[in-house]
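Here is what each chain is made of, one letter per residue.
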Amino acid sequence: MSKKTAKKKPYIQKKFDVTVALEQHKKGKNDLYLDLMTQLKKYQDVKLLKAYLTDFQDCVSLLDGRYYDFVRDVSVVNWFVNEALSKHYLSFLKRLVVAQPVHLKFILQKLLQHFKPALNSSLPVDIQQKEHWILCGHIQLALKSIYDNMPMMPNVLMSLLQKEFPYFKGNVFTVECYTRNLLQISMFMPDHRYKILELTITKMVNFDVLSPRHEIFPENESDDLTEMIDVVAKTEFNLNTGQLMKHPQAEMLDVLMHILLSHIQNVAYNNFEKTSLPDGSIQTKIDLPSCKKLYRELLLIFENVILPTHKTCHVQFFMFYVCKYHILLCDGFLDYLWKKFSNPNTEPIFRVTCSSYLGSFLARSKYLPVSSLLVCLEVFCQWIHDYIDMASNNKDKKPAFLKNHEPFYYLCQAVFYVFVFRVRDILDSEKAIRRALSWNFQRIITCYLNPLKFCMPQLVNKFASITELYQLAMCDTIIEKNRREILKEESFQIAYVDRDCILNSFFPFDPYLLSRSSLFIQPIYREYDTTVPNNQTTYLKNHIDDDDDDFLPQDVNDAEDRTILSIDEFSLFNDCDKEISSGGSRAYDIPRRNWKSKGEKNEIVEAMMA
């Protein structure tokens, strides 16, 4: 006889009554409650889990603080098996926190932890990342829904955002994902955007100080000009190809800078909202009110976070980038820095740093109009002349030591730096050269404070060559006298002399070395141009006497392809500068186009900042 094999019926999971299980658990009988938790964790039947979520939503009124363990156990279950189940689970969490605010902090913490993915090495990374971005979209919707229904939610969320920020030496994708979601939260919480941006930029500063320039490109420590040019070529290759940075902290900073600058771009263009023109074409317009609001928030962060920090190399470029969207923002930034510098009540270290920011911003920004540049230089020179008058007429005349007149010397260095860097724009006509003569460089360099003694030697040599070429000032005698004094001091080992007599070469907008985010900076960044334009060589040929032809370049008619100085003298402005140092600061107020020379308010900037 053949035995008939009976077919085995599929096992049907028994669904427990959630209300009964909770009531028994409340009375101390945990058998049904434990069976329910075991079933949730062990079996991943989607239909069964959906049914349980429906029961959970019906029982939210019972889940007060006494059921904290139940809420914790439910959150451990993997509800993200598929998209539909994820939506049901997030809907349950929204109803739970609205009905029982006691669970708000725990639920928010669990949601934020999903912003830090743990990738499985055995599965394709791109597929995992795509699935994670979809999950993050659902969590963002859940957080927005909670925010719309719970006014107290931001107070709890802000402390958790800082607490849950990934470890700075963690996975790059984890930090990237968390930061992107952090800035996305600010889109539906605009009143708390400042705190979110401050948290993000503060974390970026930590990465920045751990990735100094000489570690990103160690080769730029070399003194050999040929090797330095090779380093510049390598830098340009990295920027053009967008390849990964070798320095781990620089790679992390590059990713975060790309995220931050993208966020600024989205806010400036209102998420690229398009408008139709009368001719039927489509145009993406800048949202100026949003730009102004974002600018004010970033400027406050710049003052509170960036300026007091020593040795930041790249984070400060977010101010360089945001100013490009409107001339009012650019003028406002210069105005802010100048007010801080010219205020005698500002701490000296902040005044020094403001002068460095002013010089670097004027030299490097492509979008700054030449008219603004010229007005700034005029205001700077007027302040320098007023300071010389005050110092010379003071009864208690202080010696010309760096520590006694530090803001004065740093502003002089900023003026020399901008003049050398932008000489093509400053001296572009006979009228411009006559205007430069009115700045009276000769009086500045021959005053008893002797700024050429304290400025960087490379910069002094360039400034001297250019001013002699255009007969704006004669510096050789002063430079030679300073050299003899230094030699005398070293020979006799004079103890009372201020030995740290060379100013720091801190220019905060020096070449940008990060590869990905450089796509935002390169189009608005000015490189140093060493050639002499035709109109300037024509002026030199017509206005300098034959006896003074030693100031002219050889073959003046071919000077457009030549440089004013030798190639060795231009090393200061190479993309990889050899000397980098930094300082902390805050900032102050400068005029533009209608800017007054002294003491009067800038109406354009005041109106914008209102």
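What you are looking at is a predicted structure, and each value in this text was computed from that prediction instead of being measured.

## Quick look at the overall build of the chain
Consideration 1: In terms of regular secondary structure, the chain is built from 27 helices and two strands.
Consideration 2: Of the contacts formed within the chain by residues at least 6 apart in sequence, a portion of 78% connects residues at least 24 apart.
Consideration 3: Carbon and sulfur atoms provide 50% of the accessible area of the chain, an area that totals close to 29,600 Å².

## Points about the state of the cysteines
Consideration 1: Evaluated as defined, the whole model comprises zero disulfides.
Consideration 2: Not part of a disulfide, Cys-323 finds its nearest cysteine sulfur in Cys-330, a span of 5.7 Å.
Consideration 3: Given the relative accessible area of 1%, Cys-323 is considered buried.

## A short note on the side chain of Arg-526
Consideration 1: Relative to the assigned elements, Arg-526 resides in the loop between helix H25 (518-521) and helix H26 (534-543).
Consideration 2: You can call Arg-526 buried: its relative accessible area is 18%.
Consideration 3: For Arg-526, the residues in contact, after removing those within four places along its chain, are Ala-363, Arg-364, Ser-365, Lys-366, Phe-421, Arg-422 and Asp-425.

## Concerning the pattern of salt bridges
It is possible for side chains bearing opposite charge to pair when their charged atoms get close.
Consideration 1: All chains considered together, the criterion is met by 17 salt bridges.
Consideration 2: The shortest N-O distance in the salt bridge between Arg-180 and Glu-176 comes to 3.3 Å. On the criterion of helical spacing, the pair formed by Arg-180 and Glu-176 is a turn pair, its members being four residues apart in helix H9 (residues 172-188).
Consideration 3: Judged by its relative accessible area of 32%, Arg-180 is partly exposed.
Consideration 4: Overall, the relative accessible area of 18% leaves Glu-176 in the buried class.
Consideration 5: In this structure, the salt-bridge partner of Glu-251 is Arg-516, at a minimum N-O distance of 2.7 Å. With Glu-251 in helix H13 (residues 248-268) and Arg-516 in the loop between helix H24 (476-492) and H25, this residue pair connects regions lying 265 residues apart in the sequence.

## Topic: the environment of Arg-213
Consideration 1: The topology assignment puts Arg-213 in helix H11 (residues 213-216).
Consideration 2: C-alpha of Arg-213 to C-alpha of Lys-311: the two residues are 98 residues apart in sequence and 9.7 Å apart in space.
Consideration 3: At 3.2 Å, the side chain of Arg-213 forms a polar contact with the backbone oxygen of Asp-510.
Consideration 4: Within the structure, Arg-213 has its side chain in polar contact with the backbone oxygen of Pro-511 (distance 2.4 Å).

## Points about helix H8 (residues 153-163)
Consideration 1: Those residues of H8 that sit buried are Met-153, Pro-154, Val-156, Leu-157, Met-158, Leu-160 and Leu-161.
Consideration 2: The inward-facing, buried residues of H8 contact helix H6 (104-113), helix H7 (125-149), H9 and helix H10 (193-209).

## A look at the packing of helix H2 (residues 31-42) against helix H3 (residues 46-58)
Consideration 1: Between H2 and H3, the least distance of the axes is 10 Å, while the angle of their chain directions is 135 degrees. As summarised for this structure, H2 and H3 are arranged oblique, according to the angle between their axes. Where H2 crosses over H3, the two elements pack in a sense that is left-handed. Side by side, H2 and H3 meet where Leu-36, Gln-39 and Leu-40 of the first sit next to Leu-48, Leu-49, Tyr-52 and Phe-56 of the second.
Consideration 2: Each residue belonging to the contact of H2 with H3 can be placed in one class, and the counts come to six nonpolar, one polar and no charged.

## Comments concerning H7
Consideration 1: Taking 1.5 Å of rise per residue, the 25 residues of H7 would be expected to cover 36 Å, and the 36 Å separating its terminal C-alpha atoms lies within 8% of that figure.
Consideration 2: Along its buried surface, H7 packs onto helix H5 (83-99), H6, H8 and H9.

## Some thoughts on the environment of Ser-355
Consideration 1: Mapping Ser-355 onto the fold places it in helix H17 (residues 348-364).
Consideration 2: What makes Ser-355 buried here is its relative accessible area of 0%.
Consideration 3: Sequence separation between Ser-355 and Trp-338 is 17 residues; the distance between their C-alpha atoms is 7.8 Å.

## Observations concerning the packing of aromatic side chains
The geometry of an aromatic ring pair comes down to the distance between the two centres and the angle between the two planes.
Consideration 1: Within this structure, the stated rule accounts for 44 aromatic pairs.
Consideration 2: With a centroid separation of 5.9 Å and 75 degrees between ring planes, the pair formed by Phe-320 and Phe-361 is classed as edge-to-face. Of the two residues, Phe-320 is situated in helix H15 (residues 317-322) and Phe-361 in helix H17; the sequence distance between them amounts to 41 residues. This pair shows no difference in class: Phe-320 is buried, exactly as Phe-361 is.
Consideration 3: Among the aromatic residues, those joined into a cluster by ring pairs are Phe-302, Phe-317, Phe-320, Phe-333, Tyr-357, Phe-361, Tyr-367, Phe-506, Phe-509, Tyr-512 and Tyr-525.

## Some details on the confidence of the model for the chain
Consideration 1: Residue-level pLDDT values for the chain average 78, and 75% of them are 70 or greater.
Consideration 2: Ranking the elements of the chain by mean pLDDT puts helix H12 (residues 225-241) last, at 38, and H15 first, at 96.
Consideration 3: Contacts from residues 495-499, a stretch scored under 50 in pLDDT, to residues over four places away or in other chains number eight contacts.

## Side note on the packing of H5 against H6
Consideration 1: One can describe the packing of H5 onto H6 by two numbers: an axis separation of 10 Å at closest approach and a directional angle of 155 degrees. In terms of orientation, H5 lies roughly antiparallel with respect to H6. Between H5 and H6 lies a crossing of left-handed hand. Residues Leu-90, Leu-93, Leu-96 and Val-97 of H5 touch H6, and the partners they reach there are Leu-104, Ile-107 and Leu-111.
Consideration 2: The residue makeup of the contact of H5 with H6, split by class, is seven nonpolar, no polar and no charged.

Here is what the cut-offs are and how they apply
Every chain is numbered on its own, with residues counted from 1 as its sequence reads. For this predicted model, a pLDDT threshold of at least 70 governs which residues receive local features, and a threshold of 80 or more governs which side-chain atom pairs are given and counted, while totals over whole chains, interfaces and linings are taken from all residues. For the side-chain quantities, the full set of heavy atoms in the structure was used; hydrogens and water were omitted. In DSSP terms, a helix is any run of H or I states spanning at least four residues, a strand is any run of E spanning at least two, and both are numbered starting from the N terminus. Working rule for contacts: check all heavy atoms of both residues, and any pair within 4.5 Å makes them a contact. Surface exposure here means Shrake-Rupley accessible area, sampled with a 1.4 Å probe, where a residue is shielded only by the protein chains that are shown. Any pair of cysteine sulfurs within 2.5 Å is marked as a disulfide. Only protein chains enter the accessibility calculation, which uses a 1.4 Å probe. A residue is then buried if its area is under 20% of the maximum for its type, exposed if over 50%, and partly exposed in between. Salt bridge, as used here: a side-chain nitrogen of Lys or Arg that lies within 4 Å of a carboxyl oxygen of Asp or Glu. The term polar contact refers here to a pair of N or O atoms within 3.5 Å; inside protein, the definition further demands a hydrogen-donor-capable atom paired with an acceptor-capable atom, and it admits residues adjacent in sequence only when both atoms are side-chain atoms. The convention used is that axes are lines fitted to C-alpha atoms, helices contributing only their stretch in contact, and that angles between N-to-C directions extend from 0 to 180 degrees. Between 65 and 115 degrees an angle is taken as roughly perpendicular, under 35 as roughly parallel, over 145 as roughly antiparallel, and anywhere else as oblique. A crossing counts as left-handed when the near helix is turned anticlockwise from the far one by less than a right angle, and as right-handed when that turn is clockwise. Residue classes follow a fixed rule: Ala, Val, Leu, Ile, Met, Phe, Trp, Tyr, Cys and Pro count as nonpolar, while Asp, Glu, Lys and Arg count as charged, and any other residue, Gly among them, counts as polar. Given a helix with a known number of residues, its expected span is that number minus one, times 1.5 Å. Any Phe, Tyr or Trp ring, taking Trp's six-membered ring, that has another such ring centre within 6.5 Å forms a pair; planes under 30 degrees apart are called stacked, those over 60 apart edge-to-face, and the others tilted. A residue's pLDDT is simply how confident the predictor is in it, with values from 0 to 100.

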